[in-house]
Amino acid sequence: MDPMELGEIRELAQRMSIRAIARKLGRDVKTIRAALGRPARETAPSKLEPFQDLVRERAAQGLFGPRILREIRERGYTGGRTMLGDFLRSIRPPAKSNAAVRRFETKKAQEMQIDWSPYRLKIGGIERVAHCFSMVLCWSRRLFIRFYRDERLPTLLFAHGEGFAYHQGLTARAVYDNMTQVTLGRLHGRPIWHEHFLAFAKHTGFTPYAHKVKHKERSGKVERPFWYIETDFLRARTFASWDDLNAQALVWLETVANVRCHETIKRFVHEAYAEEKPLLVALPPVAFGTDRCEVRKVAVDGTVCIDGSFYPVPARLVGQHVRARVYPTRVEVLDAAGAVVA
């Protein structure tokens, strides 16, 4: 800096702030401060600094910004998501861009998409395969999930009923990715529907639709949330039991997934659902039966064996044949008179 400019700065400093001098001369504030021999200001510590080690730990576990933000806010973080996002980008490699696909949107209460996704989870300290059933209302993006031990047809129909109850209705059409519980294959390009499933659809009041094979983009509204479920809900969590897993899933739906601002529709999911809900198809007054019946002989130890598990029944029934109604979440044992005894 030449002596003439330095003299001008010193003269201006008698009546102007450093920031105003920098603006007037087109110089950086730090340059003006150095020319006047004034020490640099100490920057205030970042609000994120006390939480950086925790953020690094959770990022290393594969968690993403929204989940990490909730967790550090619970521990006292008062900063914004931009600061957190900048820090995460500094410690993570850049994400790969995806190929563009054509977006397909539907009207209110017109369509829901349904699918399964299996996950290996520790439940009660034992690693198990938990099958996640997902049902998405396409217009509002309201999500329902629940975890089951299998993907059999009775379980699928039972899961539909729980999804309809959660959404308090259903849409006119349901889209599937050619799952074997729904279709038996295709004939001349058209799906061959499973007879029992088709009866369920007619009874409940929706039209099933199976999109083209290897065309997952058509059911993208239910496919994409599985990544969200895995990274935001399942990852780095523990579950004491199946009931605990589904209880935590319900809390996550109510406090996170279905109250967030959805990136695609740019709306809060619960507000969009409030508009869609009055147009949903009402549930039939009588539910479709989703149980299966089995006849078993009560063993000498007072139990009946169903699907490899032994269930106790009253001792007076030893040696007799009983009927069992098997649901995905419970078993009912009936005596000869048709009364539920266990």
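These remarks concern the structure in this document. (Residues numbered from 1 in each chain as written. Predicted model: local features only at pLDDT ≥ 70, side-chain atom pairs only at ≥ 80, totals over all residues. Heavy atoms only, no water.)

1. A closer look at the side chain of R58
Inspection of the secondary structure assignment puts R58 in helix 4 (residues 52–60). Look at R58 and you get buried, because its relative accessible area is 13%. (Helix = DSSP H or I, 4+ residues; strand = E, 2+ residues; numbered from the N terminus. Buried < 20%, exposed > 50% of the residue type's maximum accessible area, 1.4 Å probe, protein only.)

2. What to know about the environment of V269
Structurally, V269 can be placed in helix 11 (residues 269–276). Each C-alpha atom, one on V269 and one on A34, is 53 Å from the other, the two residues being 235 residues apart in sequence.

3. Remarks on unusual backbone geometry
A positive phi angle, near 60°, is found at Q168, a position not held by glycine. A positive phi angle is found at K266, which is not glycine, with a value near 55°. Take K266: it is sitting in the loop between strand 8 (261–262) and strand 9 (267–268).

4. Side note on the nonpolar core
Judged by nonpolar contacts, the single largest core of 53 residues is most densely connected at I145, F147, F206, I229, F233, L245 and W252. Put simply, the parts of the chain that give this core at least two residues each are strand 1 (111–123), strand 2 (126–137), strand 3 (143–148), helix 7 (153–167), strand 4 (173–176), helix 8 (195–204), helix 9 (220–234) and helix 10 (242–257). Excluding residues within four positions of it along the chain, I229 makes contact with Y119, C132, L143, I145, L234 and W252. Membership of the second largest hydrophobic core comes to 13 residues, among which are L48, A59, Y77 and L84. (Core = buried A, V, L, I, M, F, W, Y, C linked by side-chain atoms within 4.5 Å. Contact = heavy atoms within 4.5 Å.)

5. A word on the packing of aromatic side chains
Enumeration according to the criterion identifies 19 aromatic pairs in this entry. Ring geometry for W116 and F133: centres 5.5 Å apart, planes at 70°, overall edge-to-face. Placement of W116 in strand 1 and of F133 in strand 2 is noted, with a sequence separation of 17 residues between them. What makes F133 buried here is its relative accessible area of 0%. Taking 6.1 Å as the distance between ring centres and 85° as the angle between the ring planes, the aromatic pair formed by W116 and Y148 counts as edge-to-face. Highlighted residues: W116 in strand 1 and Y148 in strand 3, separated in sequence by 32 residues. Classification of Y148 by relative accessible area gives buried; the value is 3%. Above the plane of the ring of W227 lies R224, whose end atom (NZ or CZ) is 4.6 Å from the centre. Here the guanidinium or amino end of R330 rests over the ring plane of Y327, the centre of that ring lying 3.9 Å away. (Phe/Tyr/Trp six-rings, centres within 6.5 Å; stacked < 30°, edge-to-face > 60°. Lys NZ or Arg CZ within 6 Å of the ring centre and 35° of its normal.)

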